[in-house]
Structures are given as structure tokens and as C-alpha cells.
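# Understanding the architecture of this molecule
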Amino acid sequence: MAVILLSLSYLVYLLLPADGSVNRKLMLSPLICRDQIELARELSLVEAETSVIPTSHAGFITVDEILGNHLFFWFFPSTSGSESPLVVWLKMEGPEFTSSLGLFYENGPMRLTDKWYERSNISWTETMSMLYIDNPVGVGYSYSDSGIAGYRTDQDGYSKDLYEFIEQFYLLFPEYQIRELYIGGKSYAGKYVPVFAYHLHLEIKAGRSYLPLAGIYLGSPLFDPYEQEIFRNRMFDGFKYKVLIYTGDQDALVSPAMVDVALLSMIWSRQQEYEDSRRSVWWSGKGCRNK
């Protein structure tokens, strides 16, 4: 944890103005509203003395001017070309964790070491442009001028904040309008991703947004903790496993089995077909068992 704090503190140092003032943050919304897009992009460019940190942009976007709610982001354009999709990463683990954990430990272009950090050998940024957002307000570097009063505690609140964020982001980077947009994350992102994507879908359907939403993705989604815990304890307690599932279109190897638990506990169009399908579970050290 000390390494995480040290590395993220260094990021804050990179985002500070030249005079090193800790009382100033890179607030991009005023520049976006004044159509000073090039200046906003120039100021948000993360510059480091070494090549460990690839070309990227970071800063704060104001999503509620009355409450003073500001979401922090770190954006890494893809290194593979102009046709790469834009992929939003919202969360991993619990609701209090920063998206930077996904950046450093899951799929980002850098990873933490015992002493500092280094460039990752494999990263999603090789094929996709990755946008990491600290969400909701109060998590990571995202904050509210109103303190706790600005925190979002329901789906309507944090989905509106995320929608306002993504609309401003596209004003800052309009060239991504012609690329596919995917929204997702891991674990507790299962609470945020569907709601945010659905909110955006409704705005697009109503003609109020023209963003290129193409789909969502979820890794080990935790969208209904109580029900999922019941299924997990009943079916998989004490084991490590992988699950071969039938999706209706093709077979897929899924790990971990929390995805299987999610598909069993949620209501969806092919739920019965999935429940009746033949699945194989690989128990740790015990071979394969059919279900």
C-alpha cells in the first residue's frame, strides 16, 4: 500500500503547476466551456522525465457545478492506431477503491514494483485507448467541494455524474467520436457500468447524445452482492475453479466462476437456457466435474 501511495503521489506532482502549488488542481471544465480545447489538452498532457509513463492525459472534469463535484481521470491513447476503440475502466474490488488499481495491477501500461514502478510488458493500451475514471465522487482523487454532501449514494446520482463526464471528455477529444466506445470494469464495477451505460443509451435514443456506445464488459461482476454470495457459498465454497459456459452463441472459458454465479442469479433473456446447459467445472487439484 505504501508503494501505491508513493506512486500516486508522484502522479499528483506531475499534475501540479510549475510553481509546485498544492492548492491548484488541473480543472479542465472551465477551458472546455470556453472552447479552449487545445490549451486543455496541452495542460492535461502528463510529462515525465523518463519514458516509463507513455503519452497520456490526466486532470479533473467538473460534473456538478452547484455541488462542486470533480471526477479525476487518466487517459492513455492506444499505441496501435486510429481505429482502436475507446475503453472506459471504472472500478475494481469494492466501492472505495480507485480505478488506478486496475491501471497498475490489471491492464495498464505501467505496473508497481517493490521500489517504484516500471513499464508493463503487456497492456490493453496496445490495442485500445484506456480511460480510467475515479468514480464515484469521494473515491481516489475525485472529490466534492461540498464534502460528504456531494457524495453520490444512488444510481441516479453517479450515473448523471458519469454521463456529464463522458460528454465533456468527448469535447476534449472529439476524434474519438468515430471509434467504438465500451464501458466496463471489474468486480464492484458491476454496480456502476450497467447503470451508466443504460443512462447513456437513453440519452442517445432521445437524441440528446451522439456518443458511439458499442457495448459493455464486466469482469467478475458484483452487481447483487447478497444473492451472489448465496449462490457462491452454496455451489463453490472452498474451491478454486474455472467454468466452461454456454452463452447461446459459443462456448467460453471463464475465470473466475463469479461470472457463472452472476449468470445464475440474475434475470436475463437466456437464463433458463443457460441453467439447463451442460457446464464443466475444474476443481483445484481434483480434475474436471460435469454439471
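Our structure's up above, just so we're on the same page.
All values derive from a computational prediction rather than experimental measurement. (Residues numbered from 1 in each chain as written. Predicted model: local features only at pLDDT ≥ 70, side-chain atom pairs only at ≥ 80, totals over all residues. Heavy atoms only, no water.)

### Quick look at helix α6 (residues 189–205)
- An ideal rise of 1.5 Å per residue puts 24 Å on 17 residues; α6 measures up with 24 Å between its terminal C-alpha atoms.
- Listed as buried for α6 are Ala189, Gly190, Tyr192, Val193, Val195, Phe196, Ala197, His199, Leu200 and Glu203.
- Packing partners of the buried residues in α6 comprise α5 (155–172), β8 (181–186) and β9 (213–219).
- Just downstream of α6, Gly207 is the residue with a positive phi angle, here 80°. (Helix = DSSP H or I, 4+ residues; strand = E, 2+ residues; numbered from the N terminus. Expected span 1.5 Å × (residues − 1). Buried < 20%, exposed > 50% of the residue type's maximum accessible area, 1.4 Å probe, protein only. Contact = heavy atoms within 4.5 Å.)

### Looking at unusual backbone geometry
- The omega torsion across Asn135 and Pro136 is -5°, close enough to zero to call that bond cis.
- Tracing the chain through its elements places Pro136 in the loop between β6 (129–133) and β7 (143–144).
- Backbone geometry at Asp35 places phi at a positive 60°, although glycine is not the residue there.
- As for its placement among the helices and strands, Asp35 is situated in the loop between α2 (29–33) and α3 (37–44).
- Residue Asp35 is classed as exposed on the basis of its relative accessible area of 62%.

### Quick notes on the nonpolar core
- Ranked by internal contacts, the top residues of the largest apolar core, which has 37 residues, are Phe73, Leu90, Leu131, Phe165, Phe169 and Ile183.
- Considering each element in turn, this core owes the most residues, eight residues, to α5.
- Apart from the residues lying within four places of it in its own chain, the contact partners of Leu131 are Phe73, Trp74, Phe75, Leu86, Val87, Val88, Trp89, Phe165, Ile166 and Phe169.
- Core analysis: the second largest hydrophobic core is formed by 18 residues, Ala58, Phe60, Leu112 and Tyr117 among them. (Core = buried A, V, L, I, M, F, W, Y, C linked by side-chain atoms within 4.5 Å.)

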